[in-house]
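# Report on the structure
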Amino acid sequence: MPKLKTNRGAAKRFRVTGSGKFARARANKSHILTKKTRQRKRRLRRSTLVDAANVTAVRRMLPYL
């Protein structure tokens, strides 16, 4: 069976946590930051887990994780 190609865009955006789940960065932290509170921007720095509806798609893009 041939090797599978990793989707390089997905590889830069997702990582696997210690428990085997997929983590991702949060959206809304790139521009129009003046109206967002300090607390909100601080929370956006943290990562979050990929939604269960999208885990299958992410796993298909990252076959060797």
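Summary of the structure given here.

Calculation rules
Residues numbered from 1 in each chain as written. Predicted model: local features only at pLDDT ≥ 70, side-chain atom pairs only at ≥ 80, totals over all residues. Heavy atoms only, no water. Pairing = 2+ DSSP bridges. Helix = DSSP H or I, 4+ residues; strand = E, 2+ residues; numbered from the N terminus. Core = buried A, V, L, I, M, F, W, Y, C linked by side-chain atoms within 4.5 Å. Buried < 20%, exposed > 50% of the residue type's maximum accessible area, 1.4 Å probe, protein only. Contact = heavy atoms within 4.5 Å.

Where strands meet in a sheet, backbone hydrogen bonds hold them as pairs that are either parallel or antiparallel. Taken together, the 3 strands give an open sheet; going across it, the order is β1-β2-β3, and neighbouring strands pair in antiparallel fashion. In the strand order of this sheet, the two ends are held by β1 (14-16) and β3 (48-49), each with one partner. As defined by bridge partners, strand β2 (residues 22-24) adjoins β3 across 2 bridges and the pair is classed as antiparallel. Bridge pairing links R24 to T48 in β3.

Before going further, it helps to examine the nonpolar core. Counting 7 residues, the largest nonpolar core is built from A10, F14, F22, V50, V55, V58 and L62. Once residues within four sequence positions are removed from consideration, L62 is found in contact with T6, N7, A10, A11, F14 and F22.

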